Amino acid sequence: MSKKLHIAILGCGEIAEEHVKAIKNSQRVELVGVMDVNLEAAKDLGGRSGVPAFASAEEVLKIPGLDAVSIAAPHHVHEPLTIQALEAGKHVICEKPMAISIAQCDRMIDTAKKKGLLLGTWFPARFTYTSEKARELYAAGVIGQVAQTYINFNTAKAPEYWARGCSGKNRPTDWRAYKAKAGGGVLLMNSVHNIDKLRYITGLEVVRVSAEMDTLAQPVEVEDVISVVVRYSNKGIGNYNATTCVKGPSRDNAGILGTAGQFTLDPTLKVWSEKGAPGIKAGEWVDPPRDQRPQARAMAADDYAAAIFDGKTPRISPEDGKKAVEIILAAYQSAAEKRPVDLPLKA
């Protein structure tokens, strides 16, 4: 039987629930502790998960046999918690975004390399059937070269979200409203998953970013509406639109338009191809047969364990986490300076 990765979760807010679920559903990862500066929150999650609760990272890092930590804390503490864990000899997988500045990302990556430890980012969308199949079909030339990509995200976040998050638990968590703590709004909070997904499927890098953004309707410092235009390394163009201040049905989708066909990626993969392919009839929208697979986050957890124990290349590298942050920070810089911004950004 494969060795299990013993992991603890730092931060017991909303996203920690997803980390617990992923670990419980994984084959090669075992939860051994949870921590939050709010000890009652840690006791609540730990009690429901059957593991001890702690109030400090120092305590968690002393757990006998601990291999790694999963960081599920507010964005502004991703870097210090990561550095602390790495310096203690523990591998780290960090909730998105990896950090809120390029300098922070670089320090995290440099420390992991210096210590010979693995640093990852939770991008479970890479492990879905849609992402894997679209990546395979794109590499086979089924839709030709990318001409355009798109991301559309819109929802209405209630005022309570900024004070207590989506779950509405009776615990103040107002960090999301502040630029210095959250790093950004809807693009960084929500659309980061689709930004990484498009990069994973196509392999294309963003080389230039232009954006307009504002805070129109919510009492926060971060953006609640943003439109971004990116230029890809193949000269294709991407359009990313996101808002959290509109009423009506919510939307969260992405797609790829190619010179020989198209992908719609949400809610499921649909393919239109001029020339077709095995299982893809030419000139018609096709919904490829789906496979049966575990939860995407559980697959991400097992991939992380395989990279540590088996020496396999992880699907999500430290640089992947940084790249997603870089694109978003370039959008913020473009909007602030009212000009296009070239990549890579300087720390």
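Above this text is the structure in question.
Thresholds, definitions, all that
- Residues numbered from 1 in each chain as written.
- Predicted model: local features only at pLDDT ≥ 70, side-chain atom pairs only at ≥ 80, totals over all residues.
- Heavy atoms only, no water.
- Helix = DSSP H or I, 4+ residues; strand = E, 2+ residues; numbered from the N terminus.
- Rg over C-alpha atoms; globule rule 2.2 N^0.38 Å.
- Buried < 20%, exposed > 50% of the residue type's maximum accessible area, 1.4 Å probe, protein only.
- Contact = heavy atoms within 4.5 Å.
- Areas by Shrake-Rupley, 256 points an atom, 1.4 Å probe, with all protein chains shown as cover.
- Lys, Arg positive; Asp, Glu negative; His and termini not counted.
- Charge placed at Lys NZ, Arg CZ, Asp CG, Glu CD.
- Phe/Tyr/Trp six-rings, centres within 6.5 Å; stacked < 30°, edge-to-face > 60°.
- Lys NZ or Arg CZ within 6 Å of the ring centre and 35° of its normal.
- Pairing = 2+ DSSP bridges.
- Axes fitted to C-alpha atoms, helices over the stretch in contact; angles between N-to-C directions.
- Polar contact = N/O pair within 3.5 Å; in protein donor to acceptor, adjacent residues only side chain to side chain.
- Parallel < 35°, antiparallel > 145°, perpendicular 65-115°, else oblique.
- Left-handed = near helix turned anticlockwise from the far one by under 90°.
- Expected span 1.5 Å × (residues − 1).

**Student:** Please clarify how the overall build of the protein chain should be interpreted in this entry.
**Tutor:** Along its length, the protein chain carries eleven helices and 15 strands. Taken over the C-alpha trace, the protein chain has a radius of gyration of 20 Å; the compact-globule value for 347 residues is 20 Å, and the two agree within 12%. Counting only residues that meet the buried cut, the protein chain has 54% of its 347 residues in that class. Taking the contacts inside the protein chain whose residues are at least 6 apart along the sequence as the reference set, 66% of them involve residues at least 24 apart. Taken as a whole, the protein chain presents about 15,000 Å² of accessible surface, with 53% of it coming from carbon and sulfur. Of the side-chain charges in the protein chain, 44 are positive and 40 negative, and the distance between the mean point of each set is 2 Å.

**Student:** How should the packing of aromatic side chains be read in this particular structure?
**Tutor:** The description of an aromatic ring pair rests on the distance of the ring centres and on the angle between the ring planes. Within the structure shown, the criterion is met by one aromatic pair. Across the ring face of Y200, the terminal group of R135 is positioned such that the distance to the ring centre comes to 4.3 Å. The ring of Y161 carries the charged tip of R176 above its face, separated from the ring centre by 5.3 Å.

**Student:** Help me out: how do you make sense of the sheet that holds strand β14 (residues 285-286) in this one?
**Tutor:** Sheet strands associate in pairs through backbone hydrogen bonding, adopting either a parallel or an antiparallel arrangement. With mixed pairing, nine strands are arranged side by side in an open sheet as β14-β13-β12-β11-β7-β10-β9-β8-β15. The sheet is open, and its two borders are formed by β14 and β15 (341-342), each paired with just one other strand. On top of the sheet, helix α11 (residues 318-337) reaches β8 (206-214), β9 (225-232), β10 (237-243) and β15; it is set at about 55° to β8, its chief contact.

**Student:** Would you mind going over the side chain of D320 with me for this structure?
**Tutor:** With respect to the helices and strands, D320 occurs in helix α11. Under the relative-accessibility criterion, D320 is labelled buried at 10%. Here the side chain of D320 touches R199 through a polar contact of 2.7 Å, side chain to side chain. Every residue in contact with D320, bar those within four places of it in the chain, is listed here: F123, R126, D196, R199 and R315.

**Student:** Please clarify how helix α6 (residues 129-139) should be interpreted in this entry.
**Tutor:** Every α-helical turn comprises 3.6 residues, leaving residues that sit three or four positions apart pointing alike. Among the residues making up α6, those that are buried are Y129, T130, S131, A134, L137 and Y138. Of the residues flanking the end of α6, it is G141, one or two places downstream, whose phi is positive at about 80°.

**Student:** Would you explain unusual backbone geometry in this entry?
**Tutor:** Excluding glycine, most residues fall at negative phi; most peptide bonds, likewise, are trans. A cis geometry characterises the amide bond from D266 onward to P267, with omega recorded as 0°. Tracing the chain through its elements places P267 in the loop between β12 (261-264) and β13 (270-273). Backbone geometry places K235, a non-glycine residue, at a positive phi of 85°. Phi angles above zero are rare outside glycine, and K338 is one such case at about 55°. Counting through the fold element by element, K338 comes out in the loop between α11 and β15. Judged by relative accessible area, which is 68%, K338 ranks as exposed.

**Student:** Even after reading the chapter, I still don't get the packing of helix α9 (residues 186-202) against α11, so can you show me in this structure?
**Tutor:** Axes are the key here: two packed helices are described by the angle between their axes and the distance separating the axes. Relative orientation of the contacting elements α9 and α11 amounts to 120°, with a least axis distance of 10 Å. As summarised for this structure, α9 and α11 are arranged oblique, according to the angle between their axes. Crossing of α9 against α11: the hand is right-handed. Contacts between α9 and α11 involve L187, L188, V192, I195, D196 and R199 from the former and D320, K323, A324, I327, I328, A331 and Y332 from the latter.

**Student:** Any chance you could explain helix α10 (residues 296-310) here in plain terms?
**Tutor:** Taking 1.5 Å per residue as the helical rise, α10 with its 15 residues ought to reach 21 Å, and the 20 Å between its terminal C-alpha atoms agrees with that figure. In terms of residue burial, α10 counts as a mostly covered element, since eleven of its 15 residues are buried. Residues of α10 that are buried in the fold lie against β1 (5-10), α1 (14-25), β2 (29-35), β4 (68-71), β5 (91-95) and β6 (119-122). Two residues or fewer after α10 comes G311, characterised by a positive phi angle close to 75°.

By themselves, these are just geometric observations and shouldn't be taken as functional.
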